[in-house]
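Topology and contacts: notes
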Amino acid sequence: MKLDNCTLISLPKISDPRGNLTYIEQTGNLPFDIQRVYYLYDVPAQAERGGHAHRALSQLIIAVSGSFEVTLDSGSGTKTILLNTPWQGLYVCPMIWRTLQSFSSGSICLVLASLPYDEADYYRNYDEFILDVRKENR
Ligand code: TYD
């Protein structure tokens, strides 16, 4: 089941009294090649981001600062994950409707993406997503 593939991936953490360091390398254990990086910041506490699915895009979502929740919906189940650990990323595979909410003050959401930005890859209509994902799962 698709939701089971969407798990937390642990990243390397170099602990140091001067502050910790986490790095991400293409050669690491990521399930996809990184073609794009973007980040969300200054997100108001009551705001909801996401609210869409992707046809082909894979992502790794990381709370590099603060915390927020990610709700994943595969069309046949949902789960909500609290992200608050800079050395862990949530892998989100294609054909998953996602919403991000409950951003803490000053939080930063870093996203590694497998493809360049392409509006044609988005489902922005939930009913259209549900129709297609259920067709795919049949
Ligand atoms: P969107 O993906 O809907 O934001 P989120 O999922 O974080 O809530 O993108 C918001 C706007 O930004 C939309 O007009 C598309 C644009 N955008 C880009 O131009 N490039 C990008 O890499 C991303 C992620 C978004």
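Computed from a prediction, not measured in an experiment: that's the story for all the values here. (Residues numbered from 1 in each chain as written. Predicted model: local features only at pLDDT ≥ 70, side-chain atom pairs only at ≥ 80, totals over all residues. Heavy atoms only, no water.)

1. Section: the overall build of the chain
Rule in force here: By the criteria applied, helices consist of DSSP H or I runs no shorter than four residues and strands consist of E runs no shorter than two, each listed in order from the N terminus. Restricting the calculation to C-alpha atoms gives the radius of gyration, and the globule rule supplies 2.2 Å times the number of residues raised to the power 0.38. In what follows, residue pairs with any heavy atoms lying within 4.5 Å of each other are defined as contacts. Methods summary: accessible areas were calculated by the Shrake-Rupley approach with a probe of 1.4 Å, and residue burial reflects only the protein chains presented. Charge counting treats Lys and Arg as positive and Asp and Glu as negative, with His and both chain ends excluded. Just so you know, the charge point we use is NZ for Lys, CZ for Arg, CG for Asp and CD for Glu.
Within the chain, the regular secondary structure consists of 2 helices and 12 strands. In terms of overall size, the chain behaves like a compact globule, its C-alpha atoms giving a radius of gyration of 15 Å where 138 residues would be expected to give roughly 14 Å. Its C-alpha atoms give the chain principal-axis dimensions of roughly 50 × 35 × 25 Å. A fraction of 78% describes how many contacts in the chain between residues 6 or more apart in sequence connect residues 24 or more apart. Carbon and sulfur atoms make up 50% of the accessible area of the chain, which amounts to about 7,700 Å² in all. Between the mean site of the 12 positive side-chain charges and the mean site of the 15 negative ones, the chain shows a separation of 2 Å.

2. Observations regarding the side chain of Arg-98
Quick reminder of the rule: A 1.4 Å probe rolled over the protein chains alone gives each residue an accessible area, and that area as a share of the maximum for its type sets the label: buried under 20%, exposed over 50%, partly exposed in between. Salt-bridge detection follows one rule: a side-chain nitrogen of Lys or Arg within 4 Å of a carboxyl oxygen of Asp or Glu. Definition of a polar contact: a pair of N or O atoms within 3.5 Å, with one able to donate and the other able to accept a hydrogen when the atoms are protein atoms, and with sequence-neighbouring residues admitted only if both atoms are side-chain atoms.
Looking at the secondary structure, you find Arg-98 in strand 10 (residues 97-101). As a buried residue without a salt bridge, Arg-98 has its nearest oppositely charged side chain in Asp-121, at a separation of 7.6 Å. At a separation of 2.4 Å, a polar atom in the side chain of Arg-98 contacts the side chain of Gln-59.

3. Here's the deal with the site of the ligand
What counts, and what does not: Proximity is defined per residue: any heavy atom of the residue falling within 4 Å of a molecule or strand makes that residue near it. Each residue is assigned to one of three groups, with Ala, Val, Leu, Ile, Met, Phe, Trp, Tyr, Cys and Pro labelled nonpolar, Asp, Glu, Lys and Arg labelled charged, and all others, Gly among them, labelled polar.
Around the ligand, the neighbouring residues are Arg-36, Tyr-38, Leu-40, Arg-49, Gly-50, His-52, Tyr-117, Tyr-122 and Arg-124. Separating an oxygen atom of the ligand from a backbone N or O atom of Gly-50 is a distance of 2.8 Å. His-52 is positioned such that a nitrogen or oxygen atom in its side chain is 2.5 Å from an oxygen atom of the ligand. Protein burial of the ligand: of its 530 Å² of free accessible surface, 63% is covered by the chains. Counting residues per element, the ones that place at least two in the shell around the ligand are strand 4 (36-40) and strand 5 (49-54). When its residues are assigned to classes, the shell around the ligand shows 4 nonpolar, 2 polar and 3 charged.

4. Quick word on the environment of Trp-87
Note on placement: Trp-87 falls in the loop between strand 8 (78-83) and strand 9 (88-92). On the basis of relative accessibility, which here comes to 31%, the residue Trp-87 falls in the partly exposed class. In sequence terms Trp-87 and Asn-125 are 38 residues apart; their C-alpha atoms lie 33 Å from each other. Discounting residues that sit within four places of it in the chain, Trp-87 has contacts with Ile-9, Ser-10, Leu-11, Lys-13 and Thr-22.

5. Regarding the pairing of strand 11 (residues 108-113)
How we decide: When DSSP finds at least two bridges between two strands, those strands are taken to pair.
Most of strand 11 is tucked away, with 5 of its 6 residues classed as buried. Relative to strand 11, strand 4 is paired through 5 bridges, and the arrangement is antiparallel. Among the inter-strand pairings, Leu-40 is bridged to a residue of strand 11, identified as Cys-109. Relative to strand 11, strand 6 (residues 59-65) runs antiparallel, the two sharing 6 bridges. Note on strand 11: the bridge partner recorded for Gln-59 is Ala-113.

6. Thoughts on the sheet that holds strand 8
Taken together, the 5 strands give an open sheet; going across it, the order is 8-7-10-5-12, and neighbouring strands pair in antiparallel fashion. With partners counted over all chains shown, the strands left at the sheet margins are strand 8 and strand 12 (122-123), one partner each. With 2 bridges connecting them, strand 5 and strand 12 associate as antiparallel partners. Bridging across to strand 12, Ala-53 finds its partner in Tyr-123.

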